[in-house]
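Each chain, written out:
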Amino acid sequence: MKEYNHKKIEEKWQKKWEETKINKIDKDNDKKEKFYVLDMFPYPSGTGLHMGHTESYTASDVIYRFKKLQGFNVLHPQGFDSFGLPAENYAIKTGISPQKTTQENMQNYIRQMKSLGLAYDFDEKLVTSSPKYYKWTQWIFGEFYKNGLVYKKTSKTNWCPSCQTVIANEQVVDGKCERCGAEIEQREVPGWFFKITDFAQELIDDLDNVDWPEYTKKNQRNWIGRSEGAIVKFQISNSKDQINSKSQNSNDKKFIEVFTTRVDTIFGCTYVVVAPEHEILNGIEDEKVKDYLEKAKNKTEMERMEAKKKTGVKIEGLKAINPFNNEEVPVFVADYVIGSYGTGAVMAVPAHDERDWEFAKKYNLDIKISVLSYGGSTGVENNNVKEINKEEIEKIIGDGAFINYGYLVNSGDFTGMKSERAKNEMTVWLEENNLGRKQINYRLRDWSISRQRYWGCPIPIVYSPDGEPHLIPEEHLPWKLPEDVDFVPTGVSPLAKSDELKKRTEEIFGEGWTPEYDTMDTFVDSSWYFLRYPDVHNEKEFCSKSRLKNWLPVDVYIGGAEHTYMHLLFARFFTKALKKLGYLEFDEPFMKLRHQGMVLDKDGNKMSKSKGNVINPDDMVERFGADAVRTYMLFVAPLEDAVMWNENNIVGIVRFLEKVWKISQDKKIIKDKKEITEEELKALNNLLHKTIKKVTQDVEEFSFNTAISQMMIFVNECSRYDKLPKDAIEKFLILLAPFAPHITEEIWQSLGNEKSIFEAEWSGYDEELTKDDEIELVVQVNGKVRDKIKVSAEISEDEAREEALKSEKVQKYIEGKEIKKAIYVKGKLLSIVV
Ligand code: ANZ
């Protein structure tokens, strides 16, 4: 008997598959049905692949092989998201250029992926830092620019003092830089923005049309944050000249506009608050206010929103008039109101809003109730509420804000109305009186893409001597990243230090012209890469029309849930924008999305360098073999759950593979089925067809662990036979091949097959053969046989009971009585005691 030597077998087949180019596909073949399965491509870091990649890439590899065996033309590409900070930071430390380290790291990743038996065609890989690719990133920027989807503005942005660059809102976690953990500062920086907010509603609506995990959809919807409300104009009274507000009306009335989602509470408004950024404060002389504005400057929006203690200052001499009751209320500036959301001003209703409540308590401001709950002791069950129960009010005031909907009280003509209706009617009233309007707001902001970094895609913009930006014409693309730069960060983009770039710009555009020095956020690179894979070598288009049609959208996308707010949203935005511009014919990039869970150590801890518990896929492949590593990753837990990597348990999978091996070596493989008894054959076929059915359905549903369990059952059963029919073994090997490609290929060929197992056809099953034989179940009641019923041999106790109770003969004896006990002898007897 030959030993199972995973190392030899795996090396042999990896070499062979590469020689025969088995994973090459014809991207123009439109005869076969297409299937596009995509991984989130890795950033090629110095540490190589981690176990999380191993899991999700194995999952997509299984899908690829499964679909291919089913006869689809399958695109399963891989590439590198190779621009980014780590390579640049490494360059700063060592002086070695990002170009060089990135190249080396990519080679290492490719080696590792091959050693895992991942079937990518690396001739068709994509590298975002290659000019071949980023030419098209720049071209898309240009299309967006020409169509008003890119603009430049100076704005308060998140500045990471350690990375020395602007970072996106999505990259700020708890007020800290997601990458390096430094406290984020706020800085006024000029930069380029993508108009993702133009698509806010579509980005919410179209989530209904994709098969994504519900929680991912929900999180993305919340992130976009649609809220329906109204804008209300509060007229400013006794305004001093120092107050600089917009003139809204010809008769020179001045207003503060507030955004509210609860206009029904407006009779409870006791003050108005403006954000420190509000234009009404421009040029204000009040020292107290100026001091406050100075302090607010350095806080991030996140800090301001989450602050436990609300702070603010009253603006003396300024009053706002509530349009519904003409009451004058004071105006405050407070940083819990955010300048960039809504109108940057709110009507404060402390009785019904928690933040306003805290603020009013702190500064001893009026609290007026205008909505009470339905029914109960409040006496507001009907529409005639005039009296308010004082005790109830005290109770509510004592507890904090009452934030629910209810009936309006103390609200003039609207008293007694339900909140929902009042919202509508009050908004209509505002519109009729030109004092406000309906308004829908989104939390989502435009995407700031400028980075003061080197290792990114250059923004294809040059400035004329008067400082005006101009798009670089397509003929000059790719607009190459210069190589003569100093990496040390100074807060100015390293590109500003390149003589070559300066010279190049002047040579092409004229004296005094300067290039844009910022590069793009690397999330721009990954927002469209899935469109490039079908046509990576195309130099004329980002992807040819016919290949786009042939391959997109992506059928299955696998990757981490941490990408919900950035990558997955940005890729959807790009798809919608490119569709709007006429380059695509579909709305959503990823029809089906699945996340993999985290890979933890055996005690459930996150793997980290500092804890020293990081597991290297190379070591695991070396010790246990790629087939075992792959199968184990998908066996220990459902794909979306965390995997606890336990070496003691991988041995179980190694044993399973050894058993498969042993069967092929020890057993007599027979071609003539007459060599085993009819009964044996029937039992084996029954289990085989059940197994085919289950594995087929489970893989389709990403339930890999249960598919593997079923294959284990089959193998255990086979071990009990001395002789096994060849076609049964072959059918089984095809099921296992997507998980353990090497060992199955080896056995397949040892059975005399000349072509690769991956050129075979996925095993079909016969529904009839999956059915279990029927047996006669004896049903006793109080020890006497009352009926014999035909049931499946595999029937469970519950099912047996259910069947028995359907029998009239049995019913006769138990009617009206309580079943005290039932004993079930599998496949034979059910004894009921009443
Ligand atoms: C009065 C009111 C009364 C409010 C009440 C709520 C409850 P979402 O759902 O997030 O859109 N708001 C408006 N603009 C704001 C800003 N720039 N910064 C901070 N808060 C702001 O929240 C809308 C509500 O948040 C608005 O409705 C407003 O407070 C506040 F019983 O207006 B509300």
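Residues numbered from 1 in each chain as written. Predicted model: local features only at pLDDT ≥ 70, side-chain atom pairs only at ≥ 80, totals over all residues. Heavy atoms only, no water.

Peer 1: Which parts of the structure should I look at to understand the sheet that holds strand β32 (residues 784–792)?
Peer 2: Paired through their backbone hydrogen bonds, the strands of a sheet run either parallel or antiparallel. Read from one edge to the other, the open sheet built from four strands follows the order β32-β31-β34-β33, with strand pairing classed as mixed. Edge strands, defined here as strands with exactly one partner in the open sheet, are β32 and β33 (821–825). Neighbour-to-neighbour, the strand axes of this sheet turn through a mean angle of 20 degrees, independent of strand direction. Of the pairings in the sheet, the one linking strand β31 (residues 774–781) to strand β34 (residues 829–833) comprises four bridges and is parallel in character. Following the sheet pairing, valine 781 is matched in β34 by isoleucine 832. (Pairing = 2+ DSSP bridges. Helix = DSSP H or I, 4+ residues; strand = E, 2+ residues; numbered from the N terminus. Axes fitted to C-alpha atoms, helices over the stretch in contact; angles between N-to-C directions.)

Peer 1: Teacher, can you tell me more about the packing of helix α20 (residues 647–666) against helix α22 (residues 704–719) here?
Peer 2: In helix packing, the relevant descriptors are the interaxial angle and the interaxial distance, both defined with respect to the helix axes. Put simply, α20 and α22 touch, their axes get as near as 10 Å, and they point 45 degrees apart. One element, α20, and the other, α22, form an angle in the oblique class. Note that α20 runs across α22; the crossing there is left-handed. Counting all contacts with α20, which are made through Ile653, Phe656, Lys659, Val660 and Ile663, the residues of α22 involved are Met711, Met712, Val715, Asn716, Cys718 and Ser719. Here the contact of α20 with α22 is composed, by residue class, of eight nonpolar, two polar and one charged. (Parallel < 35°, antiparallel > 145°, perpendicular 65-115°, else oblique. Left-handed = near helix turned anticlockwise from the far one by under 90°. Contact = heavy atoms within 4.5 Å. Nonpolar A, V, L, I, M, F, W, Y, C, P; charged D, E, K, R; others polar.)

Peer 1: Just checking my understanding: could you explain the nonpolar core for this structure?
Peer 2: In a soluble, globular protein the nonpolar side chains are often hidden away together inside. Formed by 90 residues in total, the largest nonpolar core has its most connected members in Trp645, Phe704 and Phe739. Every residue in contact with tryptophan 645, bar those within four places of it in the chain, is listed here: Met51, Val599, Leu600, Asp601, Lys602, Met607, Ile615, Met620, Val629, Tyr632, Met633 and Ile650. Membership of the second largest hydrophobic core comes to 77 residues, among which are Trp192, Trp212, Ile224 and Phe574. (Core = buried A, V, L, I, M, F, W, Y, C linked by side-chain atoms within 4.5 Å. Buried < 20%, exposed > 50% of the residue type's maximum accessible area, 1.4 Å probe, protein only.)

Peer 1: Whenever I open this one, helix α2 (residues 51–69) confuses me. Can you help?
Peer 2: Taking 1.5 Å per residue, 19 residues should reach 27 Å; α2 reaches 27 Å between its end C-alpha atoms and fits that length. The element α2 is largely enclosed, with a buried count of 18 among its 19 residues. Glycine 71 occupies a position one or two residues after α2 and carries a positive phi of about 100 degrees. (Expected span 1.5 Å × (residues − 1).)

Peer 1: Just checking my understanding: could you explain unusual backbone geometry for this structure?
Peer 2: Negative phi characterises most residues that are not glycine, and trans characterises most peptide bonds. That bond from leucine 477 to proline 478 is cis: its omega, -5 degrees, falls within 30 degrees of zero. Residue proline 553 follows leucine 552 across a cis peptide bond; omega there is 0 degrees. Despite not being glycine, lysine 21 shows a phi value in the positive range, around 50 degrees. By secondary structure assignment, the location of lysine 21 is in the loop between α1 (6–20) and β1 (34–39).

Peer 1: Looking at this structure, how should I read the side chain of aspartate 121?
Peer 2: Its place among the elements puts aspartate 121 in the loop between α4 (98–115) and β4 (126–127). Within the local environment of aspartate 121, its side chain forms a polar contact with the backbone nitrogen of aspartate 123, the two atoms lying 3.1 Å apart. Among residues more than four places away in sequence, those in contact with aspartate 121 are Asn23 and Lys24. (Polar contact = N/O pair within 3.5 Å; in protein donor to acceptor, adjacent residues only side chain to side chain.)

Peer 1: Sorry if this is basic, but what is going on with the pattern of salt bridges here?
Peer 2: Here the idea is simple: oppositely charged side chains can pair when their charged atoms come close. Under the definition given, this model contains 52 salt bridges. With a closest N to O distance of 2.7 Å, aspartate 61 and arginine 65 form a salt bridge. Of this pair, aspartate 61 and arginine 65 both sit in helix α2, four residues apart, which is roughly one turn of the helix. Both residues of the pair, aspartate 61 and arginine 65, belong to the buried class. Note that arginine 221 and aspartate 208 form a salt bridge whose closest N and O atoms lie 3.2 Å from each other. (Salt bridge = Lys/Arg side-chain N within 4 Å of Asp/Glu carboxyl O.)

Peer 1: What is the right way to look at the packing of aromatic side chains in this model?
Peer 2: Each pair of aromatic rings is reported with the distance of its centres and the angle of its planes. Counted according to the given criterion, the structure contains 57 aromatic pairs. Taken together, a centroid distance of 6.3 Å and an interplanar angle of 75 degrees make the contact between phenylalanine 542 and tyrosine 583 edge-to-face. Placement of the pair is phenylalanine 542 in the loop between α15 (529–532) and α16 (545–551) and tyrosine 583 in the loop between α17 (567–580) and β26 (590–594), with a sequence separation of 41 residues. A residue is classified by how much of its surface remains accessible, and phenylalanine 542, at 4% relative accessible area, is buried. Among the aromatic residues, those joined into a cluster by ring pairs are Phe141, Phe144, Tyr145, Trp192, Phe194, Phe199, Trp447, Phe523, Phe570, Phe573 and Phe574. Directly above the aromatic system of phenylalanine 758 lies the positively charged group of arginine 65, at a separation of 4.5 Å from the ring centroid. Above the plane of the ring of tyrosine 813 lies arginine 786, whose end atom (NZ or CZ) is 3.7 Å from the centre. (Phe/Tyr/Trp six-rings, centres within 6.5 Å; stacked < 30°, edge-to-face > 60°. Lys NZ or Arg CZ within 6 Å of the ring centre and 35° of its normal.)

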